[in-house]
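Each chain, letter by letter, is given below.
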Amino acid sequence: MMQLLEKLCNLCGAAGREDKVRDFILSEIEGYADIKVDNLGNIIADKKGKKRAKIKVVADAHMDEVGIIVTHIDEGGFVKFATCGGIEIPALLGKRFVFEKGAVGVVCSKPTHLCDAAEKKVLPKLDSLCIDVGAKDKKEAEEMVCVGETAVFVPNFEKIGNLICAKALDDRVGCTVLIKLLKEEAEYDFTAVFSVQEELGLRGAKVAAFSTNPDAAIIVEGTTAADVPESSGANRVCHVGDGAVLSFMDRSTMYDKKLYDDGRRLADQNGIKCQTKSVVAGGNNAGAYHIARGGIRTAAVSLPCRYIHSSSSVASPSDAENVYRLVKLLIEKLAGGEI
Amino acid sequence: MELKDTLFALTGADFLGGSGDAKNVIKEIASQYAPTEELKDGGIVATLKGKTDYTLLFEAHYDQIGFVVTEVLEGGFVRVGNAGGIDPRILPSTRVKIYGKEVVKGVFTSVPPHLKKEDETAPDLSCLSIDTGLTDNVSDIISLGDRVVFDAPPVMLGNDTVNAASLDDRAGCAALLWALENLSDKELAVTVKFLFADKEELGMRGAVTSAFNIELDEAVAVDVSFGDTPGVPSYQTGKMGGGAMICHSPALTKSVVDGLFEASKDLVVQPEVTGGRTGTDIDVISISRGGVKSGLVSVPQRNMHTPAETVRISDVKSVADVLINYALNHKGGAVK
């Protein structure tokens, strides 16, 4: 599972430009499901199980990652940009990006030697930032990148200690789990959705929820873990290494209480490490599913990720394993009509 | 050796406070072209004997900015203090290498936005730590004082720009090695020494002790200086791609500066002016022992002291060419 996750994290697919991720996933799951790609680019894969499902269950993971898009190239060859999805200023400063056509650049900042005391205390504004792609002027830069082209953090998956560190763990971990579930035998029929444009406001999930019309949805995600020395108590949200995260509420969704309770109970009964979030924060495709059509019972199973939406999210392989096990179990119990 | 390959070899290695391999990489390359020795303070000196004992020194520093471990925390985190001037605003989610009993990879922490206060203040080093991903036995591997450097191995941006964490001042070291290679088979009127010094980022300490250990008449230091950057007035910067920045400063020797411009008359170079001391090793080399005539040539660089440092290979080449011409022009004691 880690090898697949590494491959997926190292693919580049900013929100709205998921092509490379989609092509890879299609090549992985071909022959394992009845597959279609909708008008927005969502992959909808109907998996045939050993038995017919009592209710229709969809499991969703999004293919896109946070990135940037070129808005302007100035006379000096500097690339101005907007963010696609939320990236904080310090996560941008000094970081490397790779563009769709292969150019590599770094986000520039004024050298600290030339900043006065007041400047050092504030963060620069997004519109003052630019990327150096190594061009000497506008003309040379335009040969390398163009307005409207996206870029993502340079692929950089690696093991650190007992954990993994990579861009795009949000949500290539979800893609990894769904690919694995599609490629192995399933007890019951279910549908996997690999959705687009989550980072732009759950846009892919909105249409996928409509067209798949499920009775229940399970969102497989990466979520914020703040278990760092700089935060304490409930502010830590969830803990890397403490298992899959089942949420009761976030900024996008008040989750189905019974489904949440059943999920926690099933995890306990089956020796799956599971925790919840101690802060009502963040949001994910559940926000689109649970209010689609006449309303859909929805759960979110997440991988705790430190420094999410940065070049270097940190997560635990054992947590990913627990996410996989809990998602598989929830699909079976829902589709089997047991919960 | 191709200049690009030298830059990649030098920035692909690290060096801070005795940890890392960059010093050995330099020693290995330099010794291909001239007798090379290591001084007791870690300075590396390669010598090209000339017809006279008049000694001209070219100098660059091989240490880099970084951190030292000051506290090992629960859960695989460590706190650090800075070694050299660092802008903490760029640190969250930046990758590092910790030179413990083994090299440990890590990443600077950041606190998610929903846990921050409304007012947008910049992070400082006291509210950041490094996540090593190690869940147990951290103290067996990492100790207080272990050196930490940015983990940003070199990449090309376009076809003339290199990005790497330690270009300050490996770019200078690369220029020196290029000059050494190209002067090694030339007849020289003066003896030319190449000094690769340690501990510049800690207050030019390596240059103080290394320069003391060398009998020298004249020195030209090579460091990086500020390249044009949006938000920085153009009068504070040199142009990237504009060639070597040759420094005018009251702290430098006028005849040496004039000689450097004379050596550049067929090259693309640009002037740099500092009002007082230069903030480079030449400030201390020039007052070594009984005094040393001095000059300074710099490589324009963006994003100094960050993992996003960039230089143009053509600018490094321009610096090297200035040094080569200057050495070849030199008539011994003629420079006053």
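Residues numbered from 1 in each chain as written. Chains lettered and ligands numbered in written order. Predicted model: local features only at pLDDT ≥ 70, side-chain atom pairs only at ≥ 80, totals over all residues. Heavy atoms only, no water.

Residue and element names in this part refer to chain A. Here we have eight strands laid out as an open sheet, ordered 1-2-12-3-13-16-14-15, and mixed in their pairing. Each edge of the open sheet is held by one strand with a lone partner, namely strand 1 (34-37) and strand 15 (274-275). Pairing of strand 2 (residues 43-47) with strand 12 (residues 190-195) involves five bridges; the strand directions are antiparallel. Pairing of Ile44 across the sheet is with Val193, part of strand 12. (Pairing = 2+ DSSP bridges. Helix = DSSP H or I, 4+ residues; strand = E, 2+ residues; numbered from the N terminus.)

All names here are of chain A. Direction vectors running N to C along helix 8 (residues 257-269) and helix 10 (residues 317-335) enclose 120 degrees, while the axes themselves pass 10 Å from each other. As judged from the angle between their axes, helix 8 and helix 10 are oblique. Here the hand of the crossing between helix 8 and helix 10 comes out right-handed. On the side of helix 8, the interface is formed by Leu259, Gly263, Leu266 and Ala267, while helix 10 contributes Leu326, Leu329, Leu330, Lys333 and Leu334. In terms of residue class, the contact of helix 8 with helix 10 is made up of seven nonpolar, one polar and one charged. (Axes fitted to C-alpha atoms, helices over the stretch in contact; angles between N-to-C directions. Parallel < 35°, antiparallel > 145°, perpendicular 65-115°, else oblique. Left-handed = near helix turned anticlockwise from the far one by under 90°. Contact = heavy atoms within 4.5 Å. Nonpolar A, V, L, I, M, F, W, Y, C, P; charged D, E, K, R; others polar.)

For the rest of this paragraph, the subject is the side chain of A:Glu158. Tracing the backbone through its elements, the reader meets A:Glu158 in strand 10 (residues 158-160). Leaving out residues up to four positions away in the same chain, A:Glu158 has contacts with A:Leu163, A:Ile164, A:Cys165, B:Arg95, B:Lys105 and B:Asp151.

Quick look at the sheet that holds strand 11 (residues 163-166) of chain A now. Note: strands within a sheet are paired through backbone hydrogen bonds, in either parallel or antiparallel orientation. Residues and elements named next belong to chain A. With antiparallel pairing, the three strands of this open sheet are ordered in space as 10-11-17. Strands with a single pairing partner mark the edges of an open sheet, and in this sheet they are strand 10 and strand 17 (313-315). For this sheet the average axis-to-axis angle between neighbouring strands, irrespective of direction, equals 35 degrees. Examined bridge by bridge, strand 11 and strand 17 share three bridges and lie antiparallel to one another. The partner of Cys165 across the bridge, within strand 17, is Val314.

This part is about empty space enclosed by the protein. Residues and elements named next belong to chain A. Counted by the stated rule, this structure contains four cavities of 30 Å³ or more. Space inside the largest cavity adds up to approximately 80 Å³. Leu181, Glu184, Glu185, Ala186, Glu187, Tyr188, Phe190, Lys328, Ile331 and Glu332 are the residues that line the largest cavity. For the lining of the largest cavity, the class distribution of residues is five nonpolar, no polar and five charged. (1 Å grid on protein atoms, 1.4 Å probe; cavity = no way out; pocket = protein on both sides within 12 Å on 5 of 7 lines; lining within 4 Å. Points joined across faces, edges and corners; volume = space filled by probe spheres on them.)

Before going further, it helps to spend a moment on the packing of helix 4 (residues 167-183) of chain B against helix 8 (residues 313-329) of chain B. Residue and element names in this part refer to chain B. Direction vectors running N to C along helix 4 and helix 8 enclose 45 degrees, while the axes themselves pass 8 Å from each other. Judged by the inter-axis angle, helix 4 sits oblique to helix 8. Crossing geometry of helix 4 relative to helix 8 is assigned as right-handed. From helix 4, Ala171, Ala174, Ala175, Leu176, Trp178, Ala179, Asn182 and Leu183 reach across to helix 8, where they touch Val316, Lys317, Val319, Ala320, Asp321, Leu323, Ile324, Ala327 and Leu328. Within the contact of helix 4 with helix 8, the residues separate by chemical class into 14 nonpolar, one polar and two charged.

With that settled, the discussion passes to the interface of chain B and chain A. Listed by partner, the interface residues are 64 residues for chain B and 61 residues for chain A. Between chain B and chain A lies a buried interface of about 4700 Å² when both sides are counted; carbon and sulfur atoms form 57% of it. The interface formed by chain B and chain A holds six salt bridges in total. One salt bridge in this structure joins A:Glu230 and B:Arg79, with 3.5 Å as the shortest N-O distance. Summed over the shared surface of chain B and chain A, the result is 30 residue pairs in polar contact (both at pLDDT 80 or more). Here the side of chain B that touches chain A is composed, by residue class, of 28 nonpolar, 22 polar and 14 charged. (Buried area = accessible area lost by both parts, 1.4 Å probe. Salt bridge = Lys/Arg side-chain N within 4 Å of Asp/Glu carboxyl O. Polar contact = N/O pair within 3.5 Å; in protein donor to acceptor, adjacent residues only side chain to side chain.)

It is worth spelling out the confidence of the model for chain B at this point. Residues with a pLDDT of 70 or more make up 98% of chain B, whose mean pLDDT is 94. Scoring of the predicted complex yields 0.93 for pTM and 0.92 for ipTM. (pLDDT = per-residue confidence, 0-100.)

With that settled, consider unusual backbone geometry. Here the residue pair A:Asp170 and A:Asp171 is connected by a cis peptide bond, since its omega of 15 degrees sits within 30 degrees of zero. Along the chain, the position of A:Asp171 falls in helix 6 (residues 169-183). With an omega of 10 degrees, the peptide bond between B:Asp168 and B:Asp169 qualifies as cis. Mapped onto the fold, B:Asp169 is located in helix 4. Look at A:Gln197: it is not a glycine, yet its phi comes out positive at around 55 degrees. Positive phi outside glycine occurs at A:His309, with the angle close to 60 degrees.

Before going further, it helps to spend a moment on the packing of aromatic side chains. The relation between two aromatic rings is expressed through the spacing of the ring centres and the mutual angle of the planes. Under the defined criterion, the tally for this structure stands at six aromatic pairs over all chains. One aromatic cluster in this structure is built from B:Phe67, B:Phe108 and B:Phe150. Positioned above the aromatic ring of A:Phe210, the side-chain terminus of A:Arg293 is 3.9 Å from the ring centre. Between the NZ or CZ atom of B:Lys4 and the centre of the ring of B:Phe8, over which it lies, the distance is 5.4 Å. (Phe/Tyr/Trp six-rings, centres within 6.5 Å; stacked < 30°, edge-to-face > 60°. Lys NZ or Arg CZ within 6 Å of the ring centre and 35° of its normal.)

Turning our attention to the layout of surface pockets. All names here are of chain B. Here the second largest pocket is characterised by a volume of approximately 510 Å³. Lining the second largest pocket are 29 residues, with Val224, Ser225, Phe226, Glu272 and Thr278 positioned closest to its centre. Residue contributions to the lining of the second largest pocket peak at four residues, all from strand 13 (residues 218-226). Of the residues belonging to the lining of the second largest pocket, the class tally is 10 nonpolar, 14 polar and five charged.

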